[in-house]
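The chain contents come next:
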Amino acid sequence: MDLGIPVVRGTPEASDRPDTPLLVDRFGRIAKDLRVSLTDRCNLRCTYCMPAEGLDWLPKSDQLTDDELVRLMRIAVTLLGVTDIRFTGGEPLLRRGLEHVIAATAALRPRPRMSMTTNGIGLDRRARALKEAGLNRINISLDTLSASRFSTLTRRNRLEDVFAGLAAAREAGLTPVKVNSVLLRGVNEDEAVPLLRFCVDNGYQLRFIEQMPLDPQHGWTRTNMITAAEILASLSTAFSLTPEPAPRGGAPAERWLVDGGPAVVGVIASVTRPFCAACDRTRLTSDGQVRNCLFSQSETDLRAALRGGASDDEIASLWRANSWAKAAGHGINDAGFHQPDRPMSAIGG
Ligand code: SF4
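In short, a report on the structure. Because the structure is a prediction, the values reported are computed rather than measured.

The rules we used
Residues numbered from 1 in each chain as written. Predicted model: local features only at pLDDT ≥ 70, side-chain atom pairs only at ≥ 80, totals over all residues. Heavy atoms only, no water. Helix = DSSP H or I, 4+ residues; strand = E, 2+ residues; numbered from the N terminus. Rg over C-alpha atoms; globule rule 2.2 N^0.38 Å. Buried < 20%, exposed > 50% of the residue type's maximum accessible area, 1.4 Å probe, protein only. Contact = heavy atoms within 4.5 Å. Areas by Shrake-Rupley, 256 points an atom, 1.4 Å probe, with all protein chains shown as cover. Lys, Arg positive; Asp, Glu negative; His and termini not counted. Charge placed at Lys NZ, Arg CZ, Asp CG, Glu CD. Phe/Tyr/Trp six-rings, centres within 6.5 Å; stacked < 30°, edge-to-face > 60°. Axes fitted to C-alpha atoms, helices over the stretch in contact; angles between N-to-C directions. Parallel < 35°, antiparallel > 145°, perpendicular 65-115°, else oblique. Nonpolar A, V, L, I, M, F, W, Y, C, P; charged D, E, K, R; others polar. Pairing = 2+ DSSP bridges. Right-handed = clockwise from strand over helix to strand, strands pointing away. Near = heavy atom within 4 Å. Expected span 1.5 Å × (residues − 1). Arc of directions from axis to C-beta. Salt bridge = Lys/Arg side-chain N within 4 Å of Asp/Glu carboxyl O.

1. Topic: the overall build of the chain
Each helix and strand in the chain was counted, giving 9 helices and 14 strands. Its C-alpha atoms give the chain a radius of gyration of 20 Å, within 12% of the compact-globule value 20 Å for 349 residues. A principal-axis box enclosing the C-alpha atoms of the chain has dimensions of 55 × 45 × 40 Å. Within the chain, the fraction of its 349 residues that count as buried is 53%. For the chain, the share of sequence-separated contacts (at least 6 apart) that also reach a separation of at least 24 residues comes to 73%. Summing over all exposed atoms, the chain offers an accessible surface of approximately 14500 Å²; the carbon and sulfur share of this is 54%. Taking the average place of the 43 positive charges on the side chains of the chain and the average place of its 41 negative ones, the gap between the two points comes to 3 Å.

Pasting the structure below:
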């Protein structure tokens with residue numbers, strides 16, 4: 001089911017904004033799911049995400065401190081109606097004090113549900129402590145089951161670490177443990193079936209993600225992207241897939257029961273089956289910029305407001321104004337689409 005892009009009917013003014021504390025936008029969508037990038041740094045070099053030499057990391061002084069981060073999340077939860085927080089990166093496990101940030105977030109009331117997206121490197125040693133700190137569930141990136149391909153794709157020889165991280169997350173109860181996979185033409189597109197088999201056999205929930213134009217090299221091409229239709233066709237050669245009866249809501253993934261269930265598989269088809277019409281996400285970067293969309297061309301600087309002595313209410317108003325100005329959708333399929341300057345690794349999933 002293609003949720004699509006909302007239709008633009010005229011351009012509502014700021015004065016048209018309904019009097020609500022929530023993060024509503026001009027299309028009536030309400031952001032309740034906050035994605036927080038804890039760092040732009042990463043210990044892998046995935047070819048579709050960053051160059052081998054890495055990137056010019058954001059200056060440390062620009063990064064939000066733990067206290068600034070927790071204050072912004074407190075404002076989001078207590079003044080703006082945010083109910084879910086997902087920690088991302090770069091690689092969030094590289095954030096010093098991660099467990100402290102999670103514990104402080106768990107202490108917020110109303111308590112937000114918390115999840116994290118990670119590459120799994122080092123997770124085997126941290127999973128239990130993250131769970132005890134209050135993390136609810138986890139997504140782990142895995143694009144191949146082959147050690148040599150893993151090295152080609154990530155430029156690091158760490159596949160066994162990811163397997164160990166997956167198992168540790170399951171043992172620690174960070175469930176459902178979800179696996180995020182990106183398939184690239186001529187690289188790993190033949191692994192759709194083996195990846196699903198691996199996840200079904202190990203009790204992980206697999207979601208395939210269509211590659212999006214967010215790489216710093218601007219190397220993304222539509223032809224190189226493996227589409228949702230191709231993924232489903234490949235899976236259907238080995239599994240029977242039936243649409244999951246449960247309502248989708250604003251979830252990015254379309255889901256199918258595998259061989260009648262209970263195992264499920266998801267596809268996040270941002271490009272070919274956009275779901276912007278039901279988007280409930282707002283994003284905070286590690287240097288304190290709020291973005292109303294992964295592909296937004298502008299940001300609101302909350303760090304300057306924080307360090308400039310703004311009150312919680314003033315910061316909340318800035319955040320509401322940012323959401324109100326949200327575009328209908330990502331625009332990838334529009335003529336004149338312009339990729340955001342900020343790369344995925346500095347925005348977060
Ligand atoms: S592209 Fe933007 S509007 Fe669309 S679902 Fe993603 S974050 Fe939401």
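Next comes the rest of the description.
2. Observations concerning the packing of aromatic side chains
In the structure shown here, the tally under the stated rule is 3 aromatic pairs. Here Phe198 and Tyr204 contribute two aromatic rings whose centre-to-centre distance is 5.9 Å and whose plane-to-plane angle is 50°, an arrangement assigned as tilted. Using a relative accessible area of 6% as the deciding quantity, one classes Tyr204 as buried. What links up through ring pairs into an aromatic cluster is the set Phe163, Phe198 and Tyr204.

3. Considering the packing of helix α2 (residues 98-106) against helix α3 (residues 123-133)
With their axes 8 Å apart at the nearest point, α2 and α3 run at an angle of 25° to one another. One way to sum up the angle between α2 and α3 is to call them roughly parallel. Facing α2, whose interface residues are Leu98, Glu99, Ile102, Ala103 and Ala106, α3 presents Arg126, Ala129, Leu130 and Ala133. Looking at the contact of α2 with α3, its residues break down into 7 nonpolar, no polar and 2 charged.

4. Points about the pairing of strand β4 (residues 84-88)
For β4, a buried count of 5 out of 5 residues is recorded, marking the element as mostly surrounded by other parts of the structure. Residues Asp84, Arg86 and Thr88 point to one face of β4 and Ile85 and Phe87 to the other, with burial holding for every one of them. Inspection of the sheet shows strand β3 (residues 33-37) paired to β4 by 5 bridges, in the parallel sense. When the bridges of β4 are listed, Arg35 appears paired with Arg86. Remark: the β3/helix α1 (residues 66-79)/β4 crossover connection has right-handed handedness. Of the strand pairs in this sheet, β4 and strand β5 (residues 113-118) are connected by 4 bridges, and their pairing is parallel. Looking at β5, one finds that Arg86 is bridged to Ser115. The handedness of the β4 to β5 crossover, carried by α2, is right-handed.

5. What to know about the side chain of Gln211
Relative to the elements of secondary structure, Gln211 occurs in the loop between β8 (205-209) and α7 (228-235). Ignoring sequence-local partners within four residues, the contact set of Gln211 consists of Tyr48, Val182, Leu184, Trp220, Met225 and Val271.

6. Details of the site of the ligand
Around the ligand, the neighbouring residues are Phe275, Cys276, Cys279, Arg281, Arg283, Cys293, Leu294, Phe295, Lys326 and His330. Partitioning the shell around the ligand into residue classes produces 6 nonpolar, 1 polar and 3 charged.

7. Remarks on helix α9 (residues 312-324)
Counted at 1.5 Å a residue, the expected span for α9 with its 13 residues is 18 Å, and the 18 Å between its end C-alpha atoms agrees. The complete set of buried residues in α9 reads Ile315, Ala316, Trp319, Arg320, Asn322, Ser323 and Trp324.

8. Observations regarding the environment of Leu58
By secondary structure assignment, the location of Leu58 is in the loop between β3 and α1. For Leu58, a relative accessible area of 17% gives the class buried. In contact with Leu58, not counting residues within four places along its chain, are Asp40, Arg41, Gln63, Ser286, Asp287 and Arg342.

9. Brief notes about α3
Of the positions making up α3, those classed as buried are Leu123, Ala127, Leu130 and Ala133. Taken end-on, α3 shows its buried residues confined to a sector of 135°, consistent with a single buried face. Exposed side chains of α3 directed beyond 90 degrees from the buried face belong to Arg125 and Glu132. In this structure, the buried side of α3 is in contact with α2, β5, β6 (137-141) and α5 (159-172).

10. Notes on the pattern of salt bridges
This model, assessed by the stated rule, comprises 21 salt bridges. Between Asp190 and Arg149 there is a salt bridge, with its nearest N and O atoms 2.8 Å apart. Of this pair, Asp190 sits in the loop between β7 (177-181) and α6 (192-202) while Arg149 sits in helix α4 (residues 147-154), placing them 41 residues apart in sequence. Accessibility expressed as a relative area gives 24% for Arg149, which makes it partly exposed.

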